[in-house]
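# Summary of structural features
Residue-level listing of the chains:
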Amino acid sequence: MDYIREYRSFVNSYNLSGALRITFGILFPAVLLSFFGDLSVGIVVSLGAMCVGNTDNPGPIHHRRNGMIACILILFIVTLLTGAASVSYPLMGTLLFLFCFVFSMMSIFGNRAGSIGLNALLVMVLNIDRRHHGLEVLLNALYVSAGGIWYMALSLLLYRVRPYKLVQQAIGDCVQATAGYLRIKASFYDKEADYDKAYRRLVEEQIDVHQKQELVRELLFKSRDIVRESTHIGRVLLMIFLDVVDLFERVMTSHQDYPALHAEFDGTSILEQYRQLILDMATELDGIGIALKSSRPSVDTGHLAARIREVRESFAVFRDERRNAGNVEGFIGLRQILENMEDVADRLHTLHGYTTYDPGLAGADPNRLDYELFVNHQDIDWRLFAGNLNLRSNSFRHALRVSLATLAGYMISRLLGVGHGYWILLTVIVILKPAYSLTKRRNYERLVGTLAGALAGLLIIYYIRDRSALFVLMVVFMIGTYAFLRTNYLVCVILMTPYVLLLFHLLYPNDFRVIISDRVIDTAIGSGIAFLANIFLIPSWEHEQIIPFMVGAIDDNLQYFLDSAGAFRGKQVPLTQYKLSRKRAFVSLANLSDAFNRMLSEPKSKQRNVRKMHQFVVSSHMLTSHIATLSSYAPAVAPAPASPAAIPALPALPAEPDYSLVIRSIGARLREAAENLRQTEPAAGAVSPGLRPEEREGLRMLNERLERMIRERREELEKGITESPTRRQLSAFKPIADQFNFIAKVSADIGKLSLGFNYSSPASPAASSPVPSW
């Protein structure tokens, strides 16, 4: 691991800048009011700032602003009702149950709404042991709201000062995630490559890339100033992101028949040279990402261009020495890989130029895409809320589970009379997640992090007596807590525990041993309640809901294939349609992979068809990669639109009968696979029919044509002819024929895998609508 690179990436990330903003927003009211002798009010105001700050997730500024306003209003109502109910335990228990249910259901409206709901529960739990009377109830709610208003003003002010900083940091993260994906691709060229492990890592990294791309889409395409190209910085950022998405697709197009390459060339150094060059490109891409995050231009040193020339010359010498009639196909593959790497290097050079924000680069977007189509819109529709009030809804199950578990925690805290009972409720609320795997991981991380953090806090308090030093350490731990809150929960809890312990020690110096023991015991009780609730209270298992993700992956890959293969049937596809189908295919693949990874974390008794599911996920990834590779062999540049209003489209090649047959048969195979999965029960005795007659005919025509060209080329090589029209035709045709063969084979595998799953009526993650045929 390159620790210097990791450090530079972290200090320039939006996680750290957000942590600094939230920490200042929380501390300032308490410190300021303590100077006026009203620390208790300052702590309440800081509580409001903390809850609103927790909901200030990265996103378009109008979404952040509206979310913070909604959070302030909800916090006021929740704090007011909690204070009014504090005089009665039964009334408080009833209110706790209702609030837990309603605010847990808010996640159906998206992540931001779910975060608001979680922090509404947080402010309730933190006020649950405080008794207020008369006017104090209203004042307490107003103080909390004042803290929220203060934080919102701070956040909006910082945005006005640096409006593009968050977008730059998010794009930088996206670029670095793409570099990580490129590094994994390099592992396929290793002589000792473990293909199963490499595919698993590739799928996991693609999930990360997808999540980061979705965030950037939200920031760019929902920010009116950027989409309307009001400033050259906004236009350059938009161009960078579009190029990065195209770069990611290009990296996926480098998918090859790796076992065949190793069988042919393992005794030479050429594959190792390719691997090292790919790693060099990943390092270069990392540098571009860090430059974007730090708002500094990256420097193209020319090292990568020199390495490309070196490898190109090495390949030319190697080819002239080793090429013969028997390995001509292998050398065609090597040349394709080298051309792909040269194309990636050219794209990196362009990205280097973009980081200078030269006004000359900020031209109009030549593709004029309809960006609204590339982002998801979530409206607050209460019919959606009502439609989820049934046990088929995972959101309903989760809300009911949280409500019952939190009520149980509240009753236990009252029966046991623990000193800080609200920590039990906090643990339950924070740990319980809709998926078993997420709750299991959170549970482990919460327990281990609390124990490690408590030990660290105890040692600090024992050895350091200076209150100023303790305050500084508390601030450092506080910043670390928020910096890792969304990326590494274990580290977050390890840092959060000493932060909380130091805070209580500074407020109540004589009770730190009691506080440490309460923290550990209450966390253990809350973790136990969350663990039992997740298993026994209307649990939700991934095998019950993964089928729609599988269907969605097939449908979206089918549309991506049809749009990509349109050029080989003489059809023009609008560029927006092509890029939209590509985006949907990538998103569906990431969703399927994520669901499968969650399944692997569930108890063995709850896992279904794990081996077949793993094969399905890998096959889906291979299908997407081969489709992306196929699309790269279509003409790279569309003809200029005839008029400014014309819609850019992918250019078409002359239609060929053998292409059309294969495309139709692959489309039919994928539709059949999706239909197999949609069936509530598999047909009795259903078997995969294998390759269809028309599919065999189409592939036969393609392969006969390919074999004929290969025979002619071998004869030329035997005669010493190195350059000829046949060589150029073969170099152009073989990659296309290979991809159609790969796609046909993988589609057949997916068709076989679609039979024999244990079907159930899934709760409803949305699958894609059926894909229309051409």
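Conventions used here
- Residues numbered from 1 in each chain as written.
- Predicted model: local features only at pLDDT ≥ 70, side-chain atom pairs only at ≥ 80, totals over all residues.
- Heavy atoms only, no water.
- Helix = DSSP H or I, 4+ residues; strand = E, 2+ residues; numbered from the N terminus.
- Buried < 20%, exposed > 50% of the residue type's maximum accessible area, 1.4 Å probe, protein only.
- Areas by Shrake-Rupley, 256 points an atom, 1.4 Å probe, with all protein chains shown as cover.
- Phe/Tyr/Trp six-rings, centres within 6.5 Å; stacked < 30°, edge-to-face > 60°.
- Lys NZ or Arg CZ within 6 Å of the ring centre and 35° of its normal.
- Core = buried A, V, L, I, M, F, W, Y, C linked by side-chain atoms within 4.5 Å.
- Salt bridge = Lys/Arg side-chain N within 4 Å of Asp/Glu carboxyl O.
- Axes fitted to C-alpha atoms, helices over the stretch in contact; angles between N-to-C directions.
- Parallel < 35°, antiparallel > 145°, perpendicular 65-115°, else oblique.
- Contact = heavy atoms within 4.5 Å.
- Nonpolar A, V, L, I, M, F, W, Y, C, P; charged D, E, K, R; others polar.
- Polar contact = N/O pair within 3.5 Å; in protein donor to acceptor, adjacent residues only side chain to side chain.
- Left-handed = near helix turned anticlockwise from the far one by under 90°.
- Patch = residues over 30% accessible without salt bridge, like charges linked within 9 Å, V, L, I, M, F, W, Y side chains within 5 Å.
- pLDDT = per-residue confidence, 0-100.

Moving on, we come to the overall build of the protein chain. On a plain count of helices and strands, the protein chain comes out with 28 helices and 2 strands. By the burial criterion, 55% of the 774 residues in the protein chain qualify as buried. When the accessible surface of the protein chain is summed, it comes to about 33,300 Å², and 59% of that surface belongs to carbon and sulfur atoms.

Our next topic: the packing of aromatic side chains. The full count for this structure, using the stated rule, is 22 aromatic pairs. A centroid spacing of 6.1 Å and a plane angle of 40° characterise the contact between Tyr560 and Tyr578, whose relative ring orientation is tilted. Of this pair, Tyr560 sits in helix α23 (residues 547–565) while Tyr578 sits in helix α24 (residues 575–600), placing them 18 residues apart in sequence. Of the two residues, Tyr560 and Tyr578, both sit in the buried class. Above the ring of Tyr489, the side-chain terminus of Arg442 is found at 3.9 Å from the ring centroid.

A few words now on the nonpolar core. Where a protein is soluble and globular, its nonpolar side chains tend to be buried together. Ranked by internal contacts, the top residues of the largest apolar core, which has 124 residues, are Ile171, Tyr274, Leu334, Phe561 and Phe740. In terms of residue count, the dominant contributor to this core is helix α11 (residues 232–252) (13 residues). By size, the runner-up hydrophobic cluster in this structure holds 82 residues, among which are Ala120, Ile431, Met478 and Phe512.

Side-chain pairing between opposite charges can occur once the charged atoms of the two side chains come close. This model, assessed by the stated rule, comprises 25 salt bridges. The salt bridge partner of Glu214 is Arg217, with a shortest N-O separation of 2.7 Å. One end of the pair is Glu214 and the other is Arg217, both in helix α9 (residues 195–221) and 3 residues apart, which spans about a single turn. On the basis of relative accessibility, which here comes to 15%, the residue Glu214 falls in the buried class. Here the salt bridges do not stand alone but share partners, grouping Arg5, Glu6, Arg183 and Asp286 into one network.

Relative orientation of the contacting elements helix α18 (residues 422–431) and helix α19 (residues 436–463) amounts to 140°, with a least axis distance of 9 Å. Viewed along their axes, α18 and α19 adopt a mutual orientation that is oblique. Between α18 and α19, the residues in contact are Thr427, Val430 and Ile431 and Thr439, Arg442, Asn443 and Arg446, respectively. Within the contact of α18 with α19, the residues separate by chemical class into 2 nonpolar, 3 polar and 2 charged.

What follows concerns the environment of Thr487. Relative to the helices and strands, Thr487 resides in the loop between α20 (467–483) and α21 (489–507). Judged by relative accessible area, Thr487 falls into the exposed class, the value being 51%. For the pair Thr487 and Asn15, spaced 472 residues apart in the sequence, the C-alpha separation amounts to 8.3 Å.

Our next topic: the side chain of Ser13. Its place among the elements puts Ser13 in the loop between α1 (3–11) and α2 (14–35). Within the structure, Ser13 has its side chain in polar contact with the backbone nitrogen of Leu16 (distance 3.4 Å). For Ser13, the contacting residues outside a window of four places in its chain are Gln169 and Lys293.

Further remarks concern the packing of helix α5 (residues 89–105) against helix α17 (residues 394–416). As a packed pair, α5 and α17 sit with axes 8 Å apart at the nearest point and diverge in direction by 155°. Taken together, the axis directions place α5 and α17 in an arrangement best described as roughly antiparallel. At the point where α5 passes α17, the crossing takes the right-handed sense. On the side of α5, the interface is formed by Tyr89, Met92, Gly93, Leu96, Phe97, Cys100, Phe101, Ser104 and Met105, while α17 contributes Ser395, Phe396, His398, Ala399, Leu400, Val402, Ser403, Leu404, Thr406, Leu407, Tyr410 and Arg414.

What follows concerns unusual backbone geometry. Glycine aside, residues mostly have negative phi, and peptide bonds are mostly found in the trans state. With phi around 60°, Ser295 is a residue other than glycine that occupies positive phi space. With respect to the helices, strands and loops of the structure, Ser295 is situated in the loop between α13 (270–294) and α14 (303–322). Not every positive phi belongs to a glycine, and Ile538 is a case in point at roughly 35°. Tracing the backbone through its elements, the reader meets Ile538 in the loop between α22 (512–536) and α23.

What follows is about the environment of Val87. Within the secondary structure, Val87 sits in the loop between α4 (61–85) and α5. With 43 residues separating them along the chain, Val87 and Arg130 place their C-alpha atoms 9.5 Å apart.

Taken together, the side chains of Phe24, Phe28, Val31, Leu32, Phe35, Phe36, Phe471, Val472 and Val476 make up a nonpolar region of the molecular surface, amounting to roughly 900 Å² of accessible area. Residue assignment for the nonpolar patch shows that the elements contributing at least two residues are α2 and α20. The dominant element in the nonpolar patch, judged by the number of residues it contributes, is α2, at 5 residues.

So, on to the environment of Arg442. Relative to the helices and strands, Arg442 resides in helix α19. Counting along the chain gives 11 residues from Arg442 to Ile431, while the straight-line C-alpha distance between them is 5.5 Å. Apart from residues lying up to four places away in sequence, Arg442 is in contact with Val430, Ile431, Lys433 and Tyr489.

Before going further, it helps to spend a moment on the confidence of the model for the protein chain. Summary statistics for the protein chain give a mean pLDDT of 83 and a share of 88% for residues scoring 70 or more. In this model, residues 636–648 is a region of pLDDT below 50 whose contacts with residues beyond four sequence positions or in other chains number 15 contacts. Long-range and interchain partners of residues 759–774, a stretch whose pLDDT sits below 50, account for 47 contacts in this model, where long-range means more than four residues apart.

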